[in-house]
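# What the coordinates show
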There are 2 protein chains.
Amino acid sequence: MTQTSDTTSYKDIKQTVLHRIRSGELQPDTLLPNEQKLAVEFSCTRTTVNRALRELADEGFLERRRKAGTRVLSAPQRQARFTIPLVRDEVEALGGTYRYALVSHETQNAPDWLAARLSLRPDQSVMHVRCMHFSGNTPFQFEDRWIVIDSVPQVEQADFSSIGPNDWLVQTVPFTNVELTFLASRADASLAGFLDVTEGEPVFTAERITWLQGQPVTFAKMYFAAGYRMTTEF
Amino acid sequence: MTQTSDTTSYKDIKQTVLHRIRSGELQPDTLLPNEQKLAVEFSCTRTTVNRALRELADEGFLERRRKAGTRVLSAPQRQARFTIPLVRDEVEALGGTYRYALVSHETQNAPDWLAARLSLRPDQSVMHVRCMHFSGNTPFQFEDRWIVIDSVPQVEQADFSSIGPNDWLVQTVPFTNVELTFLASRADASLAGFLDVTEGEPVFTAERITWLQGQPVTFAKMYFAAGYRMTTEF
DNA sequence: AATTCCATTTTGTGTAGACTTTATCTTTTT
DNA sequence: AAAAAGATAAAGTCTACACAAAATGGAATT
C-alpha cells in the first residue's frame, strides 16, 4: 500500500491493524491472532508481523505478553511526546529574533531547599545564574538556574555573559537524565518586571532537574511570558 | 551483560553505545562506524546492530541517514514522554478517593470561537458539559467540554450524571488523534468557586482537541486545582 | 562555473529459520 | 481445595542473507 513494491511491509500491517482498531473491528480487550497466523494472513514472515505489533505496543495501542498473546488496550495509554526545544530554536521557530541577556550570577552555598531537592550536602556550593531570553525586544522567558559545581567544575570558567547556561550545559554535559515539571505560578514583583506583566499574573512555568549518571547537575526554573502555550500532537 | 547468554544482544549494544556517548568517547557530531563494522566489533549480525542503533535514533540520541551514516546528535532531541492519565487514575495514584460530579450539560449551536477552532460549520450543534473531579472532598479538576454531536451521535443518549464525559468518550471512541496544550490561566470568579481558590489565582490548564479520522470530536479545557504539577522523567 | 548524471555506500527492510524466555494452563500431588 | 510441578504456546531475539532505497560525492556534460 505504502510503497510501489508487492511485498507487505511492517508499515502496511501497522496501518491495517490500527485501522481495524479504530473502526471497531478489533474491540478493546480483544485478543489478536498470534504472529504466526497474522503472518499467513498478510503473507509475510513472522519477523515482519513482530515488528509491526511491537511498534504498535510501544506506541501504546496494544499489550503483548508471552504465551498470553497480543490484546487491544481498552484504555489506550496514549503518550504525548514533547520535544523539548532549546529556547533559541523555539523563538526562531515562532519567527522571532533570539536575544539573550545575563541578569546575575554568583557562587554560593546551596540553599536548604535546593540541597534537599537535589540531595546535596549542605556545604556544597552552587552557581546561581539568572538570565532572560527575548524574542526581538519582547521578553520570552526568565530563567533561574542553579548549577552544582562539584558535578560540573568547568562551570567556574564559563562565561555566561555571551552564552546561556542551558546552551552551555547542553554542550558540556549533553546526555543526561531529566525530571521535567510543568506548573502555573504567580508573578511576584521581580518576575513581573522581567516578563513585563502585571504582578500576580499567572505564569506558565517549567522546572527541570538534570542528572548525569546519578549526580545532580542543575536545577532550573523557567518562567514563560504571558500567553505562552506548550503544545503537542499525538 | 544483561542476560546470562553468551551472545551480544541489541540491548547490550544500546547500552555500550550510550555509555560511549555519555562518557565523551563518542563526541557530538561524530560519525559512528557503519553497521557492518560494528557488527564485527560486537561479533553479531548487522541486523542486531541495526536494531540497537535504530532504537537509539528513535530515542533521540543519534541521527541516521542512508549513505551518510550514523552520527551523535549535538543538541540531543530529548523527548519527554508524558503518559496522560485518566483523572480517576491520577487521583487514586495520589492516594485520594475519586469522586465525579456533573455541573451542567446542554445542547447548543457551536459558538463561533469553537467552530473556528474545530473547523465546524456554524450550524453544527455541540453538547456542552461542565463537571468536577474531586479527590475526596477536595476539588481536583474542573472540566469544561464540548462534544461534536455529528461526530458522536450516541452522545445524546449518554448519561453524564454518573460517568464523566472523558471516561465515556474513551469507551466510545477510544483511538483518536489528539492535540494537547498546557498553559497557565487566571481563575475567574466562577472557576475560583469551583476550585476553591481566590479569584485571580494562577490555574494550571490543559486543552485537548480530539479528532477521529479527521473529524473533530471534542474540545476540552481542564483546570487543575492549586498546586498541581505535571511531572515526567526521561 | 554550474548543472546533470551516475556509481557507490550506507541504512532500511524483507525472508527463512532457529533457539530462548516467560507466562499460562493443565495435571499431579499434597 | 490448595499448592506444586510440568507441558506448551506465544512472544522475544538472534543468525544469515538478500535486495531496496536514498543520498552523497565525484565524473561527465553543458
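The rules behind each value
Residues numbered from 1 in each chain as written. Chains lettered and ligands numbered in written order. Predicted model: local features only at pLDDT ≥ 70, side-chain atom pairs only at ≥ 80, totals over all residues. Heavy atoms only, no water. Least-squares fit on C-alpha atoms with pLDDT ≥ 70 in both. Contact = heavy atoms within 4.5 Å. Domains from an automatic or database assignment. Near = heavy atom within 4 Å. Polar contact = N/O pair within 3.5 Å; in protein donor to acceptor, adjacent residues only side chain to side chain. Helix = DSSP H or I, 4+ residues; strand = E, 2+ residues; numbered from the N terminus. Phe/Tyr/Trp six-rings, centres within 6.5 Å; stacked < 30°, edge-to-face > 60°. Buried < 20%, exposed > 50% of the residue type's maximum accessible area, 1.4 Å probe, protein only. Expected span 1.5 Å × (residues − 1). Nonpolar A, V, L, I, M, F, W, Y, C, P; charged D, E, K, R; others polar. Pairing = 2+ DSSP bridges. Axes fitted to C-alpha atoms, helices over the stretch in contact; angles between N-to-C directions.

### Brief notes about the relation of the copies chain A and chain B
Once chain A is rotated about the relating axis by 180° and shifted along it by 0.0 Å, it coincides with chain B to within an RMSD of 0.2 Å. Such a combination of rotation and displacement between the chain copies is what one expects of a two-fold axis. Most of the interface of chain A is mirrored in chain B: 100% of its interface residues are interface residues there too.

### Description of the domain arrangement of chain A
Each domain of chain A was delimited in the assignment, giving domain 1 (10-72) and domain 2 (87-224). With centres defined by C-alpha atoms, the gap from domain 1 of chain A to domain 2 of chain A works out at 44 Å.

### Details of the protein's contact with DNA strand C
Close contacts around DNA strand C come from 24 residues, with Ser9 and Arg65 of chain A together with Arg46, Arg64 and Arg66 of chain B the closest. At 3.2 Å, a side-chain N or O of Arg51 of chain A approaches a phosphate oxygen of DNA strand C. Side-chain polar atom of Arg66 of chain B to a sugar or linking oxygen of DNA strand C: 2.7 Å apart, as the coordinates give it. At the level of secondary structure, the elements contributing two or more residues to the surface near DNA strand C comprise helix H1 (10-23) and helix H3 (46-58) of chain A together with helix H3 (46-58), strand E1 (62-65) and strand E2 (69-72) of chain B.

### Some words on unusual backbone geometry
Residue and element names in this part refer to chain B. Of note, the phi angle at Asp29 is positive, near 75°, even though the residue is not glycine. With respect to the secondary-structure elements, Asp29 resides in the loop between helix H1 (10-22) and helix H2 (35-41). In this structure, Ser43 is a non-glycine residue whose phi angle is positive, near 40°. Along the polypeptide, Ser43 turns up in the loop between H2 and H3.

### Topic: the packing of aromatic side chains
Residue and element names in this part refer to chain A. Counting across every chain of the model gives 26 aromatic pairs over all chains. With 6.0 Å between their ring centres and 90° between their planes, Phe140 and Tyr228 make a pair best called edge-to-face. Of this pair, Phe140 sits in strand E6 (residues 138-148) while Tyr228 sits in the loop between strand E9 (215-224) and strand E10 (230-233), placing them 88 residues apart in sequence. Comparing Phe140 with Tyr228 shows no difference in burial state: the two are buried.

### As for H3 of chain A
For H3 of chain A, built from 13 residues, the straight-helix expectation of 18 Å at 1.5 Å per residue is met to within 8% by its first-to-last C-alpha distance of 18 Å. Burial in H3 of chain A covers these residues: Val49, Arg51, Ala52, Leu53, Arg54, Glu55 and Leu56 of chain A. Its buried side turned inward, H3 of chain A meets H1, helix H2 (35-41), strand E1 (62-65) and strand E2 (69-72) of chain A together with H3 of chain B. Positive phi appears at Gly60 of chain A, one or two residues downstream of H3 of chain A, with a value of about 95°.

### Digging into the protein's contact with DNA strand D
Near DNA strand D, the surroundings consist of 24 residues, among which Arg46, Arg64 and Arg66 of chain A together with Ser9 and Arg65 of chain B are the closest. The contact atoms of DNA strand D, taken as those within 4 Å of the protein, divide so that sugar and phosphate hold 70%. For DNA strand D, a phosphate oxygen lies 2.9 Å from a polar atom in the backbone of Glu35 of chain A. Tyr10 of chain B is positioned with one of its backbone polar atoms (N or O) 2.9 Å from a phosphate oxygen of DNA strand D. Elements supplying a minimum of two residues to the surface near DNA strand D: H3, E1 and E2 of chain A together with H1 and H3 of chain B. Considering every element that reaches the surface near DNA strand D, the biggest residue donor is H3 of chain B, with 4 residues. Among the residues making up the surface near DNA strand D, the classes are represented as 3 nonpolar, 9 polar and 12 charged.

### Concerning the side chain of Ser185 of chain B
One can find Ser185 of chain B in strand E7 (residues 177-186). At 2.5 Å, the side chain of Ser185 of chain B and the side chain of Thr205 of chain B are in polar contact. If sequence neighbours within four positions are ignored, Ser185 of chain B has contacts with Pro202 of chain A together with Glu201, Pro202, Val203, Thr205 and Tyr223 of chain B.

### Looking at the sheet that holds strand E5 (residues 125-135) of chain B
Reading across from one edge, E10(A)-E7(B)-E8(B)-E9(B)-E6(B)-E5(B)-E4(B) is the order of the 7 strands in this open sheet, with antiparallel pairing throughout. Only two strands of the sheet have a single neighbouring strand rather than two, namely E10 of chain A together with strand E4 (98-109) of chain B. For this sheet, the mean angle separating the axes of adjacent strands, direction not counted, is 15°. Summarising the sheet, E7 of chain B and strand E8 (residues 202-212) of chain B pair through 10 bridges and their orientation is antiparallel. Bridge assignment links Asn177 of chain B to a residue of E8 of chain B, and that residue is Trp211 of chain B. Relative to the sheet, helix H6 (residues 165-172) of chain B contacts E4, E5, strand E6 (138-148) and strand E9 (215-224) of chain B, its axis offset from that of E6 of chain B by approximately 50°.

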